[in-house]
Every structure is written in C-alpha cells, then in structure tokens.
Amino acid sequence: MADRVLVIGSGGREHALAWKLAQSPHVKHVFVAPGNAGTADNGKISNSAVSVSNHAALAQFCRDQEIRLVVVGPEVPLAAGIVDDLTAAGVRCFGPTAKAAQLESSKSFTKAFLDRHEIPTARWKSFTDPKAACSFINSANYPALVVKASGLAAGKGVIVASNKEEACKAVTEIMQDKTFGTAGETVVVEELLEGEEVSCLCFTDGITIAPMPPAQDHKRLMDGDEGPNTGGMGAYSPAPQISKQLLQKIRDTVLQKTVDGMRKEGVPYFGVLYAGLMLTKDGPKVLEFNCRFGDPECQVILPLLKTDLYEVMQAVINKKLSSSMPVWFEDSAAVTVVMASEGYPGTYPKGLEITGLSKAKELGLEVFHAGTSLKDGKVVTSGGRVLTVTAIKEDLMTALQEANKGVAAIHFKGAIYRKDIGYRAIAFLRQSRGLTYKNSGVDIAAGNTLVQKIKPLAAATSRSGCNAELGGFAGLFDLKAAGYEDPVLVSGTDGVGTKLKIAQVCKRHDTIGQDLVAMCVNDILAQGAEPLFFLDYFACGKLDVEVAQGVIAGIAEACKKAGCALLGGETAEMPGMYPPGEYDLAGFAVGAVERGQMLPQLEKIADGDVVIGVASSGVHSNGYSLVRKIVEKSSFDFSSPVGISGDQTLGDLLLTPTKIYSKTLLPVLRSGHVKAYAHITGGGLLENIPRVLPESFGVVLDALTWKIPEIFCWLHKEGNLSEEEMTRTFNCGIGAVLVVQKELAQEVLKDVQRHEAAWLIGKVVSLQKGSARVKVHNMLRALQANRSLSVHSHIQGKIQANKVKVAVLISGTGTNLEALIKSTKKPTSFAQIVLVVSNKAGVEGLRKAERAGIPTRVIDHKLYESRTEFDSAVDKVLEEFSVQLICLAGFMRILSGPFVKKWEGKILNIHPSLLPSFKGANAHKLVLQAGVRVTGCTVHFVAEEVDAGAIIFQEAVPVKVGDTVETLSERVKEAEHRAFPAALQLVASGAVQVGEAGKIYWK
C-alpha cells in the first residue's frame, strides 16, 4: 500500500524533494507546506496550508491525512524542534533533532565540537562583545577576516573581508546594527582559508554514512564571482576537483567523525549532514555544517540519485542505512542555474508574470520553483530566488549549455542569473594536468617509509666484512675482514613458490622470509660455502607497508640464523602485475669457501659410502602446488584445527619455515670428513641426491630408518599419491643428506646430532646400466606406519556439534551449490545443508543434491498467483526442515518484502561484482564497459532492494587485457566457489551477524 508524505518548506529544494519522492512506487501523494507554484496540483504533488510553526496542529494534520513520513527541508523548523515534537506525537520524521541541528544553528557550538573531535577546521574565536571581536581581528597571528553570525541567517550570515577594517565593519553591522537580527548576538571570527570551496553531503542514520556526489555552490550574484553574497545562484555535481581518494578522506575525517562524535556526546544525528569544506593545501577543512539539503545543491544531487529516495529515508529512520545504501548514476552530471528577481539579494518586486516554463520542459529540463506563486491562473514571482533550471547530461559542459538554454527560454521582468555556473570545474577539466607516479599506482612515500622501518632490521644482521647499512646504490663485502685467504665465491638464487599463496590466505607473513633465506643458503652449502650476504626482491601490485615489513623482518631474522648480512634488496610496486593482497619473493645469497674445501669431492666418493639424512622441519618450500590441490580436494581447509589440542591450524602447520642448516652443518662440512652435501629441494629425494654424485654412482635409502613427519603421511593418504610421486616431489622428512666414508659415519653422525636430528639412511652403490640413481625402499610401509598417528591425532579437525541448518534455493545447474555442499561436508564446518529447494523441476542442481544425500523439494512458481504466495509455500517447507540460514545459489526469483523481513540477516546471496559497484544483471558486461582493472564477487545479506544488503565477504578478480564476458565470468565463478563457502562459515559460526541498525557486526 502506497503512503502519503509531507514535505516542509517552500523553496526549490522542497520542490526537488517532492519531485523525487513522488517517483517512488511506495508514495501515493506528496503534500508540500506551504509549497509554491511548482508544487501546486502537480500530479502526485499538491500544497497544504497547514501551519508548519504550530507543531501540535501539524501533528494533528499528519494523523488526519495519514501521513507516514514528514521530510523537513529548511533549517529554521529543524532548529525550532519540529522533529522532536512530531516524533513525540508518533509521526515519523526525516531530519535531526533540535539539539543535533545545533551543528547549523550555532556556529560557536559547531566550532567547539570540531575542536573536541579533532575535525579539521579554520582557527577561530567567538565573541559577544563587538570591541573584543575587533581587538582580536587586529591582533590575531593569522588573517582573522571571516566574520560569521553564530545563529541562522538564511545562508547569508558570513562575511569574508578583504582587510581588517572590513572585518571590523562586518562585526559592527552584525552585532550593533543587527543586520541578521538575533542570529548575530554572537559572532565567530575565523581564519581566512585559501583554496576551493565544495559541498559534501551524506545520508546518515546515526551510525552509517552514505556520501552523496560532491557539489559546488556559487554564492556571488554575478559571473566571475562578482557582486554581493547570496543564498546561492547555481550549483553542479559531481565536482571533479574531488577525487575518489579525497572523497574517501572527507568521508573518514569529516563526515564519519562528525556522526560518531555526535553519537558519543549523546546526540545521535539522523538525516542529511552537509559539510561546507575548503580544499586547502593542508587538506579539506570544515567551513560550516548544514543539517539538511543545501539549496540549490539539492536540485543537482537528487537528479543523480538512482535509488528510491523514500526507501533511503525510511532506512535512515529505521537505522538500517547500511543495508539500503543509495546508488547514484555514475556517468551523469547535473547543473542548476538560479533565476532571481531584480534587486536580489536586496529588495525586489513581486507579482511579475513568468513565461516560457513549458519551453524549458520541452528541452528536457527540470524547472524547480522557489519564489513563485499562482495569481489568476498565472505563475508569478514571489521571492528573491525565483526558480532553478536543472539539466542532467553526460558531462558538465553539456549540462551547463542545456541549463543556459532553459534559462534563455524563461522570462520575467528584470530576471538576473549567472551564465558561468561550473566554470571552475570546466577549467579544472580542461587544464593539462600531468600524471604522477602515485596516480599510476606507485607510492614512493610508502616505499620510503618501508625503507626506514627495515633499516634497523638489516643493521642487526651486520657481521665481519659487512655493516649491512641500507640506502646506497650497492653493498660492499670485505672478504679479508671476514678471514678468507684464497676464497671462491658461490652464489645461489631461489624463491618460495606457491607456499606464498598459503601465507597470503592465512595472512601469516612473518615466517615466509625464513623460507626464502633457507632455500638460498642451503643451496650454496652444497659447495661447502659459508653464506656471507643476502639480497631480497619483494614484488607486489600495491605496497602494503605493514605486510612488507613483516616479510622483511622474517628475512632479517633468518639472515641472523644463517650468519649472513642482509646487504640490500629491491621493493617493486607494479600496478596491474599482481592482484590486490598478493606479492612475490626472490632471494639471492652469496657465500665463500676456501679453494681447498670445496664440495662435492666427486673423485673421493666410492661404493659403500654412507648417506646421513638430516631432518627437515616439514614440507619446507617445495611441492606446494600439489599440497594446495590436495587440501582443496580434502575435507579440510587451511583454517582447520589440527593436533589433539586443536591450537594450531593446518595452514600454520604447512607454513612451518624451512630449516636453515648453514650454522649447524658448516663446521661438519669443513671437518674434511664429508665428501658431499645435497639440499633436498625441488625434485625431492629422487632428483637432488644425484646432483652431488659421480655419474657412475647412485644411492639406496631405507625409509624405515628415519622419522617421517605426519604431514607427509596425511598428504600421501589424502592425495592418493604414489611412492614415486612422494619421493620426487617432497623431502619426506629429510632436508639434507651428507655422503661420508663408512668408517667415519658414526663420528660424523654424532657431530650432526649435536644440533640436528639425523640418521644413517642408506649407502652409495655402483650403478648398473639402466638402474635408477636413487632407490627408496619401504617408503609405503613407513608412511603407513605413521598413518594412524596422522589421521587420528595430529591432523584432526574438530567436529562441530549442533551445526546450523542451511537451505539452498536454486533455479538451475547449481555450480555454487556444489561448492557449498563440499565445504559443509567438512568436519570443521559450522553449517549443514539440510534442504535444497528449486522453483524448476529436473534441473542439474537437484541431481547434485540427491547425489550428496540432501533432501530436495520442487516448488514451481508458476503454480502461484503472486510472489507472496510462492514465498509462503517456500517458507512452510523451510519451517518443516527447521532451517536457520538460507543461501541463494542461482535462484532466479525476487523474494517478496515480507519474506525478506522475516528472514532478515539469515539470507545470503552472491553477486558477480565487487558491490556496491555494478549491481543487477550483466555485471561482467558493465565491468568491461567501465574499463576497471579489478572486479570480483560479493557475498551479502539479502535486503528488499536488489544487491543492497550488508556485505559479508568479497574476493577480488583481476580483469585481464582482452577479457570477454565469457572469460571473465569463468574466473569470477572460480572466486565465487571459494567466497560463498567462506561467507557461509562466517555467518554459521556467529563470527558475522547483522545488528539492529542493519550493520555488519564481527565477533
């Protein structure tokens, strides 16, 4: 059932509000009190003569007319407490209370509030004595040239003086001559700020803010900002001077801080908050607040609103703005030009006939009336600002041209108006602005910050031969100072592979640095070399200083363990090369060995030599592409608890850093008793040992002689891997091997065992033609011997009791359904799918559910006369199965309002874009048309407005050059299959929920 709405006010702003509200299907009729000629009997809009100053009579009118919403346009009724009184009488009202409206009604209150909450503003002081004010103007250590009447002055109570004499004259006029009446009993004297003035407005429900497109007003009467100050002669939106980054800064440092501050002070702010800002060289600073839409800003902002204004206002009153965030037309610009009476802002004639209004309409323009009235069936002037002509076009230049055409078509005697509205924006757009490195995505300042943070980390790795000071073009190492006489330099380079992916998923960046160092220094040990210094390479798409610092701190710590200096490195920020949150690593180690101590000693290796195996710490850094695939196909994920106590996750276990052997094994290698050393890295046992043997020799190993960590047993079982796959891919518990003479084996073993777990694991044998160079006996038996430990103790997920019961609604193949089924089958899942409902029979999704043993129901929407009836049938089935959460997986029906309200905070949906961008159908097409470089998917709670519910989980997907809708869709689907299960677990576990204000809460 549609509602009746009352708009309070008589200006162009109120006409625009009524015009926008009347577009809502929820609105039956809009009354405007007192209104103007434009709101008199205009379709769903009409005027009312009810008194807006007599709040009791107004409340009775609302009850008599069944008014469901009152929208207050001007500031005076707000300051007079209209919202307080109507709300107390049971009338829903959009706007702040009188106490909250002090942000506009008292300049002195506002300036003190800004200071209390550290919101940037001009320096200031308030006065009730004109002499004290003038004394301050003449003695202040800054240009105190802005004089403001503290109270309400119809937008005209600010005088910007050009010198101290003018400022003192303004004080006299306001305080003694009472130019602005009682509004000037207190004046605020402010510092004159330099920069460009802009208006940033937002909707707010006291917690959440929803910024509107920024706008710019034109206060001066004549072109070129000449003439007296007015209430505003025109405006445009959006203001291109405000970048997305700057708007975000304004949102965070001004709008959100103001709303938060009012709430903390016990005066929650609801409605529209308008911040008048100066864009100074030190950043945006608040000039003033208005507690309502600006006039004429309202006339350019509301035409850009895509969402139903009535729904937004209701969401504000219901404190559910976060679930009904407004959406704006992004590829449009609006310009409005004010036509004023001759003599404005002074005295002016009234009752002059206005013609040409229909011509302006024919041009496709919106004419919002202000100072107009009806006389003998004709529209005549009745105010200073008579009307505004608004054009909505694809760009500002075209919009200004069209608005000026409309102004030229409208006539009344002595009409004055500006022809240059938006000139600053047009100049800004026309000027040739050079690109910056930061614009391109490279933040040099962030890079410099990182260097300063890691300098002490590197310095702590200093050793003989090197002081490890960062900042030069190159690093130096003094071999003589390090004690070398006849050295040979040895170098090695390596990375960490896809172990990085697990670190990034788990957000664990502190251990991956040790993997990088270990992979390099363990390699150069194969030549018998001591690692002397290390260099790192850190590459990313966007530098996150905290993440990079964590990684490099791990590298520095590992360098200390290895005994080498962190001599330098490179941080490469490369926009577009890596998706958000991802980075890559490479390392470079340089060592030295005295010429006579080099390894391997191939000529000394003989049949019967013994192989000593040195324990690994786990998987180390190789084979992780296979590891990740095994985990993906298993019933576990990286967050699954493992161990008897469950105090470690599978991700933590797999991120156990690679052992560094240089300090513990180097003395053994230098003893002269070791013929060869091999690092078991990529290629596992089968491919690394032969690298240090003569062509005619191989080795035979017995897997029962060493302890195989349980993680390998689990990987073997879960991946159904062959013995060969295990030994060719993984180290299987042996991180390094030494080849020694049989007679010295026990002695060397004891030396190694002083620092590392080690075993005699095999021997060197002469190769027969065609024989394998590495044979590993009993690997299967060794893996099986540890399997019971693996499955039942160490890697064991906690099975959740009382799982949340989930129903999935589908209409087709159910690709996301498959991912949800798989994730909920895991023992660690907090959710269990108890029902799959389809509105179509015979679809593949039903068969997938049946194969998984999940009950299904078909409820054909064609058998029901309305959405509500269909939803009621679905609701009954959900109750039958005691469903607690609903997931929409390709469900092609729009749910009715009552159903959504009943299940509020319990329906999850997934959308193929990063909301709030690219809502609705054809998201991939819109993404490609917009030319953005990153898209993705969003899991959100379902609200009555499509794709507008609170966001639970998002995953980014890069848009590649040459992408089509089909190729992009495939990659986004892959992300959906990860994101939807992750979001379901967050909600089912209680980690995420919707609060009373419709806002996401994290526990």
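Scroll up to find the structure this text is about.
Residues numbered from 1 in each chain as written. Predicted model: local features only at pLDDT ≥ 70, side-chain atom pairs only at ≥ 80, totals over all residues. Heavy atoms only, no water.

Caption draft 1: Spotlight on the packing of helix α15 (residues 444-459) against helix α18 (residues 545-562). Where α15 meets α18, the axes come as close as 10 Å, and the angle between the chain directions of the two elements is 25°. Classified by the angle between their axes, α15 and α18 sit roughly parallel to one another. The element α15 and its partner α18 pack so that their crossing is right-handed. Here Ala446, Thr449, Leu450, Lys453, Ile454 and Leu457 of α15 lie close against α18, whose contacting residues are Val545, Ala548, Gln549, Ile552, Ala553 and Ala556. The residue makeup of the contact of α15 with α18, split by class, is nine nonpolar, two polar and one charged. (Axes fitted to C-alpha atoms, helices over the stretch in contact; angles between N-to-C directions. Helix = DSSP H or I, 4+ residues; strand = E, 2+ residues; numbered from the N terminus. Parallel < 35°, antiparallel > 145°, perpendicular 65-115°, else oblique. Left-handed = near helix turned anticlockwise from the far one by under 90°. Contact = heavy atoms within 4.5 Å. Nonpolar A, V, L, I, M, F, W, Y, C, P; charged D, E, K, R; others polar.)

Caption draft 2: Representation of the sheet that holds strand β26 (residues 583-594) within the structure. Strand order in the open sheet formed by four strands is β23-β26-β24-β25, with mixed pairing between adjacent strands. The open sheet is flanked by β23 (487-495) and β25 (565-573), the only strands paired with a single partner. The average angle at which neighbouring strand axes cross in this sheet is 15°, direction not considered. Pairing between strand β24 (residues 530-540) and β26: 10 bridges, direction antiparallel. For Phe533, the partnering residue across the bridge sits in β26 and is Val590. Seen against the sheet, α18 touches β24, β25 and β26 and runs at an angle of roughly 170° to β24. (Pairing = 2+ DSSP bridges.)

Caption draft 3: A look at the packing of helix α27 (residues 815-824) against helix α32 (residues 965-988). At a closest axis distance of 9 Å, the pairing of α27 and α32 adopts a crossing angle of 50°. The orientation of α27 relative to α32 falls into the category oblique. Where α27 crosses over α32, the two elements pack in a sense that is right-handed. Each of Thr815, Asn816, Ala819, Leu820, Ser823 and Thr824 in α27 lies in contact with α32, whose residues at this interface are Glu976, His977, Phe980, Pro981, Leu984 and Gln985.

Caption draft 4: Summary view of the packing of aromatic side chains. For the coordinates displayed, the defined rule picks out 14 aromatic pairs. On the numbers, 6.0 Å between centres and 80° between planes, the contact of Phe203 with Phe293 is edge-to-face. With a gap of 90 residues between them, Phe203 in strand β10 (residues 196-204) and Phe293 in the loop between β17 (283-290) and α10 (298-301) connect regions that are remote in the sequence. The residues Phe203 and Phe293 share a single accessibility class, namely buried. When the ring of Phe636 is compared with that of Trp714, the centres are 5.7 Å apart and the planes differ by 75°; the resulting orientation is edge-to-face. Here Phe636, found in the loop between α19 (624-633) and β28 (641-642), pairs with Trp714, found in helix α23 (residues 710-719); they are 78 residues apart in sequence, far enough to count as distant. With respect to class, Phe636 is no different from Trp714; both count as buried. An aromatic cluster of at least three residues, connected via ring pairs, comprises Phe94, Phe203 and Phe293. (Phe/Tyr/Trp six-rings, centres within 6.5 Å; stacked < 30°, edge-to-face > 60°. Buried < 20%, exposed > 50% of the residue type's maximum accessible area, 1.4 Å probe, protein only.)

Caption draft 5: Molecular detail of unusual backbone geometry. Geometrically, the link from Ser237 to Pro238 is a cis peptide bond, its omega value of -5° lying close to zero. Inspection of the secondary structure assignment puts Pro238 in the loop between β15 (234-237) and α9 (244-264). Looking along the chain, the bond that leaves Leu599 and enters Pro600 is cis, with omega of -5°. The residue Pro600 is located in the loop between β26 and β27 (610-615) in this model.

Caption draft 6: Representation of the environment of Val158 within the structure. Here Val158 lies in strand β8 (residues 158-160). As for Val158 and Ala565, which are separated by 407 residues in sequence, their C-alpha atoms are 64 Å apart. With sequence-adjacent residues up to four places away left out, Val158 is seen in contact with Val146, Val147, Lys148 and Asn229.

Caption draft 7: Highlighting α23. With respect to burial, α23 is a largely interior element, seven of its 10 residues being buried. By the burial criterion, the buried members of α23 are Glu710, Ile711, Phe712, Cys713, Trp714, Leu715 and His716. One or two positions beyond α23, positive phi appears at Asn720, with a value near 50°.

Caption draft 8: Here's a closer look at the pairing of strand β7 (residues 146-149). Of the two faces of β7, both are covered, the one formed by Val146 and Lys148 as well as the one formed by Val147 and Ala149. Where β7 and β8 come together, three bridges link them in antiparallel fashion. Its bridge partner being in β8, Val146 is matched across the sheet by Val160. By the bridge criterion, four bridges tie β7 to strand β9 (residues 187-190) in an arrangement that is antiparallel. Within the sheet, the bridge partner assigned to Val146 lies in β9 and is Glu190.

Caption draft 9: Summary view of the sheet that holds strand β6 (residues 124-127). In space, the four strands of this open sheet follow the order β6-β9-β7-β8, with antiparallel pairing throughout. Since the sheet does not close on itself, it has two edges, and those belong to β6 and β8, each with one partner. Strand-to-strand twist across the sheet, computed as the mean angle between neighbouring axes with direction ignored, equals 20°. Lying over the sheet, helix α6 (residues 107-116) contacts β6, β7 and β9, oriented at roughly 145° with respect to β6.

Caption draft 10: Geometry of the side chain of Thr39. Assignment of secondary structure puts Thr39 in the loop between β2 (27-34) and β3 (45-47). What Thr39 contacts, discounting residues up to four positions off in sequence, is His15, Val32, Ile45, Ser46 and Asn47.

Caption draft 11: View of the nonpolar core. Grouped together as the largest cluster of nonpolar side chains are 86 residues, with contacts concentrated most on Phe534, Tyr583, Leu654 and Trp706. Looking at this core, the element that brings in the most residues is α18, giving 10 residues. With residues up to four places along the chain from it excluded, the contact list for Trp706 reads Leu685, Leu701, Cys732, Gly733, Ile734, Trp759, Ile761, Val776 and Met779. One finds Leu58, Ile82, Leu86 and Val91 within the second-largest nonpolar core, a separate group that totals 45 residues. (Core = buried A, V, L, I, M, F, W, Y, C linked by side-chain atoms within 4.5 Å.)

Caption draft 12: View of α6. Listed in full, the buried residues belonging to α6 are Lys107, Phe109, Thr110, Lys111, Phe113 and Leu114. Its buried side turned inward, α6 meets α5 (102-105), β6, β7, β9, α9 and β17.

Caption draft 13: Structural view of the environment of Lys560. Within the element layout of this structure, Lys560 appears in helix α18. Lys560 sits in the partly exposed class, given a relative accessible area of 35%. Spatially, the C-alpha atoms of Lys560 and Lys663 are 9.9 Å apart, while their sequence positions differ by 103 residues. With sequence-adjacent residues up to four places away left out, Lys560 is seen in contact with Ala460, Thr461 and Lys663.

Caption draft 14: Quick peek at the environment of Asn622. Tracing the sequence through the fold places Asn622 in the loop between β27 and α19. For the pair Asn622 and Arg263, spaced 359 residues apart in sequence, the C-alpha to C-alpha distance is 54 Å. Excluding residues that lie within four positions of it along the chain, Asn622 makes contacts with Met519, Thr681, Gly682, Thr729 and Phe730. Here the side chain of Asn622 touches Thr681 through a polar contact of 3.0 Å, side chain to side chain. Reaching out from Asn622, the side chain makes a polar contact with the backbone nitrogen of Gly682 at a distance of 3.2 Å. (Polar contact = N/O pair within 3.5 Å; in protein donor to acceptor, adjacent residues only side chain to side chain.)

Caption draft 15: Inspection of the side chain of Gln216 at higher detail. Structurally, Gln216 can be placed in strand β12 (residues 216-217). What makes Gln216 buried here is its relative accessible area of 0%. Among the polar contacts made by the side chain of Gln216, one reaches the side chain of Glu196 at a distance of 3.1 Å. Excluding anything up to four places from it in sequence, Gln216 contacts Glu196, Glu197, Val198, Gly234, Ala235, Tyr236, Gln241 and Arg424.

Caption draft 16: Broad picture of the pattern of salt bridges. A full pass over the atoms with the stated rule returns 42 salt bridges. A salt bridge links Lys901 to Glu944, with the shortest nitrogen-to-oxygen separation between them at 3.8 Å. A residue pair is termed long-range when its members are at least 10 positions apart, and Lys901 in helix α30 (residues 897-902) and Glu944 in the loop between β40 (934-941) and β41 (951-958) qualify at 43 residues. Residue classification places Lys901 among the exposed positions, given a relative accessible area of 55%. Residue class for Glu944 comes out partly exposed when judged on its relative accessible area of 49%. Among the salt bridges present, the one from Arg978 reaches Glu955, with a minimum N-O distance of 2.6 Å. Here Glu955 lies in strand β41 and Arg978 lies in helix α32, a separation of 23 residues in the sequence. Here the residues in one salt-bridge network are Asp225, Arg418, Asp420 and Arg424, joined through shared partners. (Salt bridge = Lys/Arg side-chain N within 4 Å of Asp/Glu carboxyl O.)

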